[in-house]
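Architecture at a glance
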There are 2 protein chains.
Amino acid sequence: MNSVEIRRFVDTDWNGSGHGDEHGREQGVDEHGHGGDGHGLWEVWHEVVAAGESYDNDPASTEQQARSHWLLPPPFEVWVAVEDGDVLGTYKVGPNKGRLGDHVANASFMVSTRARGRGVGRALGEHCLDRARELGFAAMQFNAVVSTNTTAVKLWHSLGFTIVGTIPDGFRSTRHGLVDFHIMYRRL
Amino acid sequence: MNSVEIRRFVDTDWNGSGHGDEHGREQGVDEHGHGGDGHGLWEVWHEVVAAGESYDNDPASTEQQARSHWLLPPPFEVWVAVEDGDVLGTYKVGPNKGRLGDHVANASFMVSTRARGRGVGRALGEHCLDRARELGFAAMQFNAVVSTNTTAVKLWHSLGFTIVGTIPDGFRSTRHGLVDFHIMYRRL
């Protein structure tokens with residue numbers, strides 16, 4: 001984790017430092033040799049959604065659908081965990097509801113399988129809670145944590161969230177079939 | 001309720017039969033004399049949202065924001081309860097989540113104060129449950145029933161819904177201040 005930085009998303013993070021135009025390729029090659037195949041946010045999003053285990057989006061979603069889903073306009077913010085130009089994980093945070101419910105935040109998280117077990121999810125979660133407090137939110141709500149995504153459920157419990165409700169059979173997991181959604185919540 | 005019809009929304013329902021262009025005014029005047037001041041869906045939406053007691057939308061929402069919120073594209077459907085050309089109430093129904101959660105329906109309801117106590121909400125609720133079954137949904141979920149909206153909470157209980165979760169202080173009610181949101185659910 002020492003070499004991992006959490007910072008605001010910028011456009012060039014979408015495809016990673018090693019993809020895209022000449023400028024990207026030039027900048028992307030660093031002393032670790034990661035530049036040539038830098039991993040972008042789109043790759044992380046695609047990997048997570050295609051697995052069909054934690055997000056309700058169509059596993060066959062296009063890149064444009066990914067952009068529409070993740071790169072929400074303000075007041076939403078997108079943050080990334082980056083190492084040597086590689087996007088390892090990301091979160092987005094913003095109001096969970098409209099005007100009369102916009103004191104409660106919603107947030108979503110993704111971590112690449114390449115980075116799992118390194119504490120990136122926890123670092124993103126802690127960062128997001130701090131950021132939500134800075135933005136003035138009073139609480140944070142997750143609307144649909146898949147019950148078989150035990151890593152996520154444990155992480156959110158350890159970061160102070162409780163399950164305030166469960167939707168039975170709300171999610172069609174690719175591997176597990178019909179499983180529950182948890183609604184998780186904590187005050188900030 | 002005998003004279004109330006529940007049918008799919010059509011464009012001319014938005015402003016009501018007595019408003020709008022020449023054509024609307026001409027058609028709107030019927031033998032009951034209701035045509036000249038026909039009430040449209042926009043009026044119902046505005047009345048309900050401006051009260052700030054049951055929807056999280058900005059009470060000062062514009063007509064365009066109302067359209068974007070209520071007239072969702074397919075697969076969502078909008079239905080209206082109409083009497084003599086007046087829109088008394090409405091519901092919309094569609095998937096609550098994306099592809100891997102689209103077997104659970106979401107629905108929203110509004111009834112004009114002019115029509116309260118006449119069973120319009122119950123008739124819309126029963127109609128919506130039947131329609132959701134026809135559309136193949138396995139269950140229905142309400143994400144945010146305001147706890148102080150006791151008429152709605154009682155109605156949904158009587159139509160087989162249970163509270164599966166509560167978000168404490170999730171809603172800033174105009175009259176009651178911070179109150180809870182209930183998540184309500186039933187299988188179909």
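In this convention, every chain numbers its residues from 1, walking through the sequence in written order. Lettering of chains starts at A and numbering of ligands starts at 1, both following the order in which they are written. Confidence filtering applies because this is a predicted model: local features only for residues at pLDDT of at least 70, side-chain atom pairs given and counted only at 80 or more, and all residues used for totals across whole chains, interfaces and linings. As a rule here, side-chain values come from all non-hydrogen atoms in the structure, and water together with hydrogens is ignored.

Here's the deal with the packing of aromatic side chains
Residues and elements named next belong to chain B.
- A pair of aromatic rings is counted whenever rings of Phe, Tyr or Trp (Trp by its six-membered ring) have centres within 6.5 Å, and the orientation is called stacked for planes under 30 degrees apart, edge-to-face for over 60 and tilted otherwise. The final tally for this structure, using the stated rule, is 22 aromatic pairs over all chains.
- Judged by centre distance (6.1 Å) and plane angle (65 degrees), the rings of Tyr55 and Trp70 are edge-to-face. Here Tyr55, found in the loop between α2 (41-51) and α3 (63-70), pairs with Trp70, found in helix α3; they are 15 residues apart in sequence, far enough to count as distant.
- Trp70 sits in the buried class, given a relative accessible area of 0%. Secondary structure follows DSSP: runs of H or I at least 4 residues long count as helices, runs of E at least 2 residues long count as strands, and numbering of each begins at the N terminus. Buried, partly exposed and exposed residues are distinguished by accessible area as a fraction of the type maximum, computed with a 1.4 Å probe on protein chains only: under 20%, between the cut-offs, and over 50%, respectively.

Structural notes on the packing of helix α2 (residues 41-51) of chain A against helix α3 (residues 63-70) of chain A
Residues and elements named next belong to chain A.
- To obtain each axis, a line is fitted to C-alpha atoms, and for helices this fit is confined to the stretch in contact; angles are then taken between N-to-C directions over 0 to 180 degrees. Their axes nearest at 10 Å, the elements α2 and α3 cross at an angle of 95 degrees. The orientation of α2 with respect to α3, classified from their angle, is roughly perpendicular. Two secondary-structure elements touch here, α2 through Leu41, Trp42 and Trp45 and α3 through Glu63, Ala66, His69 and Trp70.
- Under this grouping Gly is polar, as are all residues other than the nonpolar Ala, Val, Leu, Ile, Met, Phe, Trp, Tyr, Cys and Pro and the charged Asp, Glu, Lys and Arg. Grouping the amino acids of the contact of α2 with α3 by side-chain chemistry returns five nonpolar, one polar and one charged. Oblique is the label for any angle not under 35 degrees, not over 145, and not in the 65 to 115 range, which are roughly parallel, roughly antiparallel and roughly perpendicular in turn. Any two residues having at least one pair of non-hydrogen atoms within 4.5 Å are treated as being in contact.

Notes on helix α5 (residues 150-158) of chain B
Residue and element names in this part refer to chain B.
- Residues Ala152, Val153, Leu155 and Trp156 constitute the buried set of α5. Buried positions in α5, seen along its axis, are confined to an arc of 165 degrees and lie on one side of it. Those residues of α5 that are exposed and angled more than 90 degrees off the buried face are Thr151 and Lys154.
- Looking at the packing, one finds that the buried side of α5 touches β4 (104-111), α4 (120-134), β5 (139-146), β6 (162-173) and β7 (177-187). What the arc measures is the spread of directions leading from the helix axis to the C-beta atoms.

Comments concerning the side chain of B:Asn96
Residue and element names in this part refer to chain B.
- Among the structural elements, Asn96 can be located in the loop between β3 (86-95) and β4.
- At a separation of 3.3 Å, a polar atom in the side chain of Asn96 contacts the side chain of Asn106.
- Counting of polar contacts relies on pairs of N or O atoms within 3.5 Å, with two restrictions inside protein: one atom must be capable of donating a hydrogen and the other of accepting it, and residues adjacent in sequence are counted only when both atoms are side-chain atoms. Of note is the side chain of Asn96, whose polar atom sits 3.2 Å from the side chain of Gln141.
- Every residue in contact with Asn96, bar those within four places of it in the chain, is listed here: Val104, Ala105, Asn106, Gln141 and Asn143.

Concerning the confidence of the model for chain A
Residues and elements named next belong to chain A.
- Confidence in the prediction of chain A, expressed as mean pLDDT, is 91, and 89% of residues score 70 or more.
- As a per-residue measure, pLDDT reflects the predictor's confidence and takes values from 0 up to 100. Here residues 19-36 is a poorly scored stretch, pLDDT under 50, and it has 21 contacts once near neighbours within four places are set aside; other chains count.
- Among the scores for the predicted complex, ipTM is 0.89 and pTM is 0.89.

Considering the environment of B:Glu63
- Mapping B:Glu63 onto the fold places it in helix α3.
- On a C-alpha basis, the gap between B:Glu63 and B:Thr174 in space is 20 Å, while along the polypeptide they are 111 residues apart.

A short note on the relation of the copies chain B and chain A
- The fit set for superposing copies consists of C-alpha atoms from residues with pLDDT of at least 70 in both; the fit itself is least squares. Expressed as a screw transformation, the operator carrying chain B onto chain A has a rotation angle of 180 degrees and an axial translation of 0.0 Å, and the superposed copies differ by an RMSD of 0.0 Å. Taken together, the rotation and translation relating the two chain copies correspond to the operation of a two-fold axis. By C-alpha distance to the rotation axis, the residue of chain B lying nearest is B:Gly165, at 1.9 Å.
- Comparing contact sets, 100% of the residues at the interface of chain B also lie at the interface in chain A, consistent with an isologous, same-surface contact.

A few points about the side chain of B:Asp86
- With respect to the helices and strands, the residue B:Asp86 is situated in strand β3.
- Here the side chain of B:Asp86 touches B:His39 through a polar contact of 3.0 Å, landing on its backbone nitrogen.

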